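These are the residues of each chain, in order.
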Amino acid sequence: MTRLLEIDDLSAGYGGVPVVRHLDLHVDAGEVVALLGPNGAGKTTTLLTVSGLLPSLAGSVTVLGGPPSTRRPQLVARRGVAHVPEARSLFTQLTVAENLRLGVRRGGDTSVALDYFPALGKLMDRRAGLLSGGEQQMLAVGRALAARPRLLMVDELSLGLAPVVVEQLLPVLRQVADDTGTGVLVVEQHVHLALEIADRAAILAHGELVAAGPADELAAEASVLERSYLGAATID
Ligand code: ATP
């Protein structure tokens, strides 16, 4: 199994103040790992640190063979990491086709986006800003897939979307991992939907890991999930 991401004893945060502490987490090729936890737990901070958009304060991150660089965050993308941020970051004045072309790097191909999101096919000439929330999210993930990533990180795919839309989108991440061997790290508020598609999950509360393990075991442990979301002390 190829290790794509290894996070060891990571502390990360803002202005030298850690909001994530002592985090251990890994993602292997072909795996879907869900990073869960209540608002403000440090999930986005973790993804930003892996991407090199925030410095780590202690511990280590090894992503596709090396550490991220805050001075050159594009290095992580070049190694094969695609990061779909919480805010989607689409070019709203550009069309769907133009947004997809911007995702393509050497060896990439926009058609992969249509393979996974065929609904984008009839929207190619529409400006991204005019798409529905669900269509925008398809475009954001489709653009990331066009880069043929080895590690795909998706931050709250479900933000602002109806649960029925999330139910359609999340399984695509599972499919991508199964088809291509891409490792997927997904931050998600819809805990049970995320656990259905994930192999493993890690739950953060107040910046610390409170539970981690196979997704099916965590899904069966309702009390673990509830205590995590109430921000209880570390769970054995
Ligand atoms: P959510 O589900 O609400 O997005 P999260 O688990 O992704 O939450 P983070 O966004 O990582 O949480 O935030 C973790 C902590 O860091 C929070 O207390 C938040 O207020 C703080 N924080 C986030 N961004 C900044 C920033 N730019 N400067 C200072 N503190 C920040």
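Quick caveat, the model's predicted, so the values are computed rather than measured.

## Details of the packing of helix H3 (residues 96-103) against helix H5 (residues 133-146)
Part 1 of the argument: It is at 7 Å that the axes of H3 and H5 come closest, and there the two elements cross at 35 degrees. Like other packed secondary-structure pairs, H3 and H5 cross with a definite hand, here right-handed. Of the residues in H5, those in contact with Val96, Asn99, Leu100 and Gly103 of H3 are Leu139, Gly142, Arg143 and Ala146.
Part 2 of the argument: Grouping the constituent residues of the contact of H3 with H5 by class yields four nonpolar, three polar and one charged.

## Observations concerning the domain arrangement of the protein
Part 1 of the argument: Each assigned domain of the protein is listed with its residue range as follows: domain 1 (3-80 + 151-229) and domain 2 (90-148).
Part 2 of the argument: Between domain 1 and domain 2, the C-alpha centre-to-centre distance is 23 Å.
Part 3 of the argument: Taken together, the contact between domain 1 and domain 2 spans 15 residues of the former and 10 residues of the latter.
Part 4 of the argument: Between domain 1 and domain 2 the total buried area reaches about 950 Å² when both faces are included, carbon and sulfur atoms providing 75% of it.
Part 5 of the argument: Put simply, domain 1 and domain 2 have zero salt bridges between them.
Part 6 of the argument: Linking domain 1 with domain 2 are two residue pairs in polar contact (both at pLDDT 80 or more).

## Notes on the confidence of the model for the protein
Caution is warranted with low-pLDDT regions, since their predicted coordinates should not be read in detail.
Part 1 of the argument: Taken over all residues, the pLDDT of the protein has a mean of 90, while the share at 70 or more is 95%.
Part 2 of the argument: Across residues 232-236 the pLDDT falls below 50, and counting only partners more than four positions away or on other chains, this stretch makes seven contacts in the model.

## Examining the pairing of strand E8 (residues 200-205)
Strand residues, when the strand is regular, have side chains that alternate between the two faces of the sheet.
Part 1 of the argument: Counting buried positions over the six residues of E8 gives six, a clear majority of the element.
Part 2 of the argument: Side chains Arg200, Ala202 and Leu204 of E8 all project onto a buried face; the interleaved residues Ala201, Ile203 and Ala205 project onto the opposite face, where all are buried too.
Part 3 of the argument: With four bridges joining them, strand E3 (residues 32-36) and E8 adopt parallel strand pairing. Within E8, the position partnered with Val33 by the bridge is Arg200.
Part 4 of the argument: Where E8 and strand E9 (residues 208-214) come together, six bridges link them in antiparallel fashion. Counted as the bridge partner of Arg200 is Pro214 from E9.
Part 5 of the argument: As consecutive antiparallel partners, E8 and E9 are separated by two residues, and within that stretch His206 has a phi angle of approximately 50 degrees, a positive value.

## Some thoughts on the site of the ligand
Part 1 of the argument: Looking at the ligand, there are 13 residues lining it, with Gly40, Gly42, Lys43, Thr44 and Thr45 nearest.
Part 2 of the argument: Contact between the ligand and Glu86: an oxygen atom at 3.2 Å from a side-chain N or O atom of the residue.
Part 3 of the argument: When isolated, the ligand has an accessible area of 640 Å², and the protein chains bury 58% of it.
Part 4 of the argument: Here the shell around the ligand gets three residues from one element, more than from any other, and that element is helix H1 (residues 43-50).
Part 5 of the argument: For the shell around the ligand, the per-class residue count stands at four nonpolar, six polar and three charged.

## Details of the sheet that holds strand E2 (residues 17-28)
Strands pair in a sheet through their backbones, by hydrogen bonds, and they do so in one of two ways: parallel or antiparallel.
Part 1 of the argument: Strand order in the open sheet made by the three strands is E2-E1-E4, with antiparallel pairing throughout. Strands at the two margins of the open sheet, each flanked by one partner only, are E2 and strand E4 (56-63). Across the sheet, the mean angle from the axis of one strand to that of its neighbour is 10 degrees, orientation sign disregarded.
Part 2 of the argument: Relative to E4, strand E1 (residues 3-14) is paired through six bridges, and the arrangement is antiparallel. From the neighbouring strand, Ala12 faces E4, where its bridge partner is Ser56.
Part 3 of the argument: Packing of H1 onto the sheet brings it into contact with E1, E2 and E4, and relative to E1 it is tilted by some 115 degrees.

## Structural notes on the nonpolar core
In a soluble, globular protein the nonpolar side chains are often hidden away together inside.
Part 1 of the argument: By size, the foremost hydrophobic cluster in this structure holds 52 residues, and its most contacted members are Phe117, Leu152 and Leu173.
Part 2 of the argument: At seven residues, the largest contribution of residues to this core is made by helix H6 (residues 163-180).
Part 3 of the argument: For this core, the domains that each give at least three residues are domain 1 (3-80 + 151-229) and domain 2 (90-148).
Part 4 of the argument: Excluding its chain neighbours within four sequence positions, the residues that come into contact with Leu173 are Val32, Val141, Leu152, Val154, Leu157, Val184, Val186 and Ile197.

About the thresholds
- Residues numbered from 1 in each chain as written.
- Predicted model: local features only at pLDDT ≥ 70, side-chain atom pairs only at ≥ 80, totals over all residues.
- Heavy atoms only, no water.
- Axes fitted to C-alpha atoms, helices over the stretch in contact; angles between N-to-C directions.
- Helix = DSSP H or I, 4+ residues; strand = E, 2+ residues; numbered from the N terminus.
- Left-handed = near helix turned anticlockwise from the far one by under 90°.
- Contact = heavy atoms within 4.5 Å.
- Nonpolar A, V, L, I, M, F, W, Y, C, P; charged D, E, K, R; others polar.
- Domains from an automatic or database assignment.
- Buried area = accessible area lost by both parts, 1.4 Å probe.
- Salt bridge = Lys/Arg side-chain N within 4 Å of Asp/Glu carboxyl O.
- Polar contact = N/O pair within 3.5 Å; in protein donor to acceptor, adjacent residues only side chain to side chain.
- pLDDT = per-residue confidence, 0-100.
- Buried < 20%, exposed > 50% of the residue type's maximum accessible area, 1.4 Å probe, protein only.
- Pairing = 2+ DSSP bridges.
- Near = heavy atom within 4 Å.
- Areas by Shrake-Rupley, 256 points an atom, 1.4 Å probe, with all protein chains shown as cover.
- Core = buried A, V, L, I, M, F, W, Y, C linked by side-chain atoms within 4.5 Å.

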